[in-house]
Amino acid sequence: MFRLSVLFLIAAVGISGCMPTGESGVMRITERQADSIRLNQLDLVNAVRASAGAPALTLSAELTAAAETHARDMASQLRAWNFGSDRSSPQTRAERAGFDGLITSEDVAETFLDNVGIFQAWISDPRARKAMQNPVATHMGLGWYQEESGKIWWVMDIGAANGAVRVARAE
C-alpha cells in the first residue's frame, strides 16, 4: 500500500508541474500534453491493476477516440453521464470508433480537476476502482473536452478486446 501511495504522489507531482495556466490562472491542457496525460493516466490505472494482480492495460486509439467524442457530447448536453445525445451507449460509441471488443466500464466526470485529481476521485469510488481492476480488461482510452472556463469533461473507457472476452467466457 505504501508503494502505491508513493507512486500516486510521484505521478501527481510530475503531472501537476506540466499543467500551464492561462491568463485567468485557470489550468489549461494543451495539445502537446495530450499524450503524456494519457500515458500518465494509463500508468496510474496499471499501478492499481498490479496491486490487484490484474494484467496491465494498453492504450487504445479507438477507445480514446470514443472517449473524446463522448466528452465533447457531454459538454454539449451539460451533463456528465454515460448516454450520448443520440442515446448511444459506451459500447455503441466504442464500436463506431472501431474498437473490436466489449466495454467493461466507462467513468465520466465534470470538474476543474486535472487528470491526477480525477483519477483520485475515481479510485475513491468502489465501483470505479473495481472496474479498473477487472482482470478481463485489456485496453483503456482517455478523452476530455475543456471549456473556456477551464471546466473539463473527462471520459475514461476500459474494454476487453474480442480475444480476451472469448478467453474469459471459456474459463
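Residue positions are given per chain, counted from 1 along the sequence in the order it is written. Per-residue local features of the predicted model are confined to residues with pLDDT of at least 70, and side-chain atom pairs are confined, for both listing and counting, to 80 or more; whole-chain, interface and lining totals are unaffected and use all residues. Only hydrogens and water are set aside; all other atoms, that is, all heavy atoms of the structure, feed into the side-chain values.

1. With respect to the overall build of the protein
Inference 1: Helix and strand assignments follow DSSP, with helices taken as H or I runs no shorter than four residues and strands as E runs no shorter than two, numbered in order from the N terminus. Regarding its fold elements, the protein presents seven helices and four strands.
Inference 2: Counted from the first residue to the last, the protein has its helices and strands arranged as α-α-β-α-α-β-α-α-β-β-α.
Inference 3: Per-residue burial for the protein yields a buried fraction of 47% across its 171 residues.
Inference 4: Residue contacts follow a heavy-atom distance rule, with two residues in contact if any of their heavy atoms lie within 4.5 Å. Pairs at least 24 apart in sequence give 67% of the contacts found in the protein among residues at least 6 apart. Throughout this description, buried means an accessible area under 20% of the type-specific maximum (1.4 Å probe, protein chains only), exposed means over 50%, and partly exposed covers the range between.

2. Re unusual backbone geometry
Inference 1: Positive phi, normally seen in glycine, also occurs at R87, with a value near 70°.
Inference 2: The residue R87 is located in the loop between α3 (61-77) and α4 (90-96) in this model.
Inference 3: Residue classification places R87 among the exposed residues on the basis of a relative accessible area of 57%.

3. Comments concerning the packing of aromatic side chains
Inference 1: Aromatic pairs are defined between Phe, Tyr and Trp rings, using the six-membered ring for Trp, whenever the two ring centres lie within 6.5 Å; interplanar angles under 30 degrees are classed as stacked, those over 60 as edge-to-face, and all others as tilted. This structure, assessed with the given rule, holds two aromatic pairs.
Inference 2: For the pair W81 and F83, a centre-to-centre distance of 5.0 Å together with 65° between the ring planes defines the contact as edge-to-face.
Inference 3: Judged by its relative accessible area of 43%, F83 is partly exposed.

4. Let's talk about the packing of helix α2 (residues 34-51) against helix α5 (residues 115-124)
The relative placement of two packed helices comes down to the angle between their axes together with the axis-to-axis distance.
Inference 1: Angles here are taken between N-to-C directions and fall from 0 to 180 degrees, while the axes themselves are lines fitted to C-alpha atoms, restricted in helices to the stretch in contact. Two numbers describe how α2 lies on α5: the axes approach to 10 Å, and their chain directions differ by 25°. Between α2 and α5, the angle is such that the two are roughly parallel. α5 is crossed by α2, and the crossing has right-handed handedness. Across the interface between the two elements, I37, N40, Q41, L44, V45 and V48 from α2 touch N115, V116, F119, W122 and I123 from α5. Roughly parallel means an angle under 35 degrees; roughly antiparallel, over 145; roughly perpendicular, 65 to 115; everything else is oblique. By definition, turning the near helix anticlockwise from the far helix through less than a right angle yields a left-handed crossing, and turning it clockwise yields a right-handed one.

5. Some details on the pairing of strand β4 (residues 152-161)
Inference 1: For β4, the buried fraction is high: nine of the ten residues fall into the buried class.
Inference 2: Judged from the ten bridges that link them, strand β2 (residues 101-111) and β4 form a sheet pairing that is antiparallel. Its bridge partner lying in β4, D107 is registered against M156.
Inference 3: Between any two strands, pairing holds if DSSP finds at least two bridges. Pairing of strand β3 (residues 139-146) with β4 involves eight bridges; the strand directions are antiparallel. Within β4, the position partnered with G141 by the bridge is D157.
Inference 4: Linking β3 back to β4 in an antiparallel pair, the connection comprises five residues, with G150 at a positive phi of about 105°.

6. Quick word on the confidence of the model for the protein
Inference 1: What pLDDT expresses is the predictor's confidence in each residue, scored from 0 to 100. Mean pLDDT over the protein stands at 86; residues scoring 70 or higher make up 80%.
Inference 2: Across residues 9-24 the pLDDT falls below 50, and counting only partners more than four positions away or on other chains, this stretch makes 25 contacts in the model.
Inference 3: Ignoring residues within four places in sequence, the model shows residues 166-171, a span with pLDDT below 50, making two contacts including any to other chains.

7. Things to note about the sheet that holds strand β1 (residues 58-59)
Inference 1: A sheet is described by the order of its strands in space; here four strands give the open sequence β1-β3-β4-β2, paired in mixed fashion. Two strands bound the open sheet, and with one partner strand each, they are β1 and β2.
Inference 2: Across the face of the sheet, α3 comes into contact with β1, β2, β3 and β4 while running at roughly 30° to β3.

8. Let's talk about the environment of D157
Inference 1: Relative to the helices and strands, D157 is located in strand β4.
Inference 2: Under the relative-accessibility criterion, D157 is labelled buried at 1%.
Inference 3: Spatially, the C-alpha atoms of D157 and L63 are 6.1 Å apart, while their sequence positions differ by 94 residues.

9. Thoughts on the side chain of D157
Inference 1: Among buried Asp, Glu, Lys and Arg side chains, D157 stands out as unpaired, with R93 the closest opposite charge at 5.6 Å.
Inference 2: Not counting chain neighbours up to four residues away, the residues in contact with D157 comprise L63, A66, A67, S105, E106, H139, M140 and G141. A positive count includes Lys and Arg, and a negative count includes Asp and Glu. His and the chain ends are not counted in either. Salt bridges are counted wherever a side-chain nitrogen of Lys or Arg sits within 4 Å of a carboxyl oxygen of Asp or Glu.

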